[in-house]
Amino acid sequence: MPVDKLVGADSKEFQLGDSTVLIAQHETVDLPAVMEREDEIRAYMRQLKDDNGYEFVLFMVTDIMAEGSQFLCEGNRRIVDRVFNIKCTGVGGTWMPGILSRKKQVAARILGS
């Protein structure tokens, strides 16, 4: 699957104060196969951030069998870190057990912060 389809097929912009953020989600049963493309995914996320002026791009790789999501974030990670009490840094992202819904579990928490 081309990286623009992988990241962009299920993505949505949200207004966060004066900023715009992009939260994208890809559901899989093979998280390791998706994560093998992390460098390519992150490069595309940075391009999206720069081209569109997003505060951050958050990509949730949701493993429906393991019932959780790997968070990859490019841009101002402080918001995501604070809201979820994590350090969503560099290589590998951050595993978020039980996080399956972008709308109810992620966007709602970020927008309510």
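Residues numbered from 1 in each chain as written. Predicted model: local features only at pLDDT ≥ 70, side-chain atom pairs only at ≥ 80, totals over all residues. Heavy atoms only, no water.

A few points about helix 5 (residues 102–111)
Note: α-helices contain 3.6 residues per turn, so residues at a spacing of three or four share the same orientation.
Link 1 in the chain: Along helix 5, the residues classified as buried are Arg102, Val106, Ala107 and Ile110. All buried residues of helix 5 lie within an arc of 80 degrees about the axis, which places them on one face of the element.
Link 2 in the chain: For helix 5, the secondary structure elements touched by its buried residues are strand 1 (11–16), strand 2 (19–28), strand 3 (56–63), strand 4 (68–75) and helix 4 (78–84). (Buried < 20%, exposed > 50% of the residue type's maximum accessible area, 1.4 Å probe, protein only. Helix = DSSP H or I, 4+ residues; strand = E, 2+ residues; numbered from the N terminus. Arc of directions from axis to C-beta. Contact = heavy atoms within 4.5 Å.)

Structural notes on the side chain of Glu38
Link 1 in the chain: Summarising the element assignment, Glu38 is placed in helix 3 (residues 38–52).
Link 2 in the chain: Among the polar contacts listed, one links the side chain of Glu38 to the side chain of Arg42, at a separation of 2.8 Å.
Link 3 in the chain: Among all residues touching Glu38, those that are not within four sequence positions of it are Leu72, Gly90, Val91, Gly92 and Gly93. (Polar contact = N/O pair within 3.5 Å; in protein donor to acceptor, adjacent residues only side chain to side chain.)

Focus on the pairing of strand 4
Link 1 in the chain: Within strand 4, seven of the eight residues are buried, which leaves it mostly tucked inside the rest of the structure.
Link 2 in the chain: The sheet contact formed by strand 3 and strand 4 spans eight bridges and is antiparallel. Its bridge partner being in strand 4, Asp63 is matched across the sheet by Gly68.
Link 3 in the chain: In textbook terms, the turn of a hairpin is the stretch between consecutive antiparallel strands, and for strand 3 and strand 4 this stretch comprises four residues, one of which, Glu67, has a positive phi near 55 degrees.
Link 4 in the chain: Note that strand 4 and strand 5 (residues 94–97) share four bridges and pair antiparallel. Counted as the bridge partner of Gly68 is Pro97 from strand 5. (Pairing = 2+ DSSP bridges.)

Focus: helix 3
Link 1 in the chain: When the terminal C-alpha atoms of helix 3 are compared, their 21 Å separation across 15 residues agrees well with the 21 Å that a helix rising 1.5 Å per residue should span.
Link 2 in the chain: Turning to helix 3, its buried residues number three or more, namely Glu38, Ile41, Arg42, Tyr44, Met45 and Leu48. Along the axis of helix 3, the buried residues cluster in a sector spanning 160 degrees; they form a single face. Turned more than 90 degrees from where helix 3 packs its buried face, Asp39, Asp50 and Asp51 sit exposed.
Link 3 in the chain: Buried residues belonging to helix 3 abut helix 1 (3–8), strand 2, helix 2 (31–35), strand 3 and strand 4.
Link 4 in the chain: Looking one or two residues past helix 3, Gly53 carries a phi angle of roughly 70 degrees, positive in sign. (Expected span 1.5 Å × (residues − 1).)

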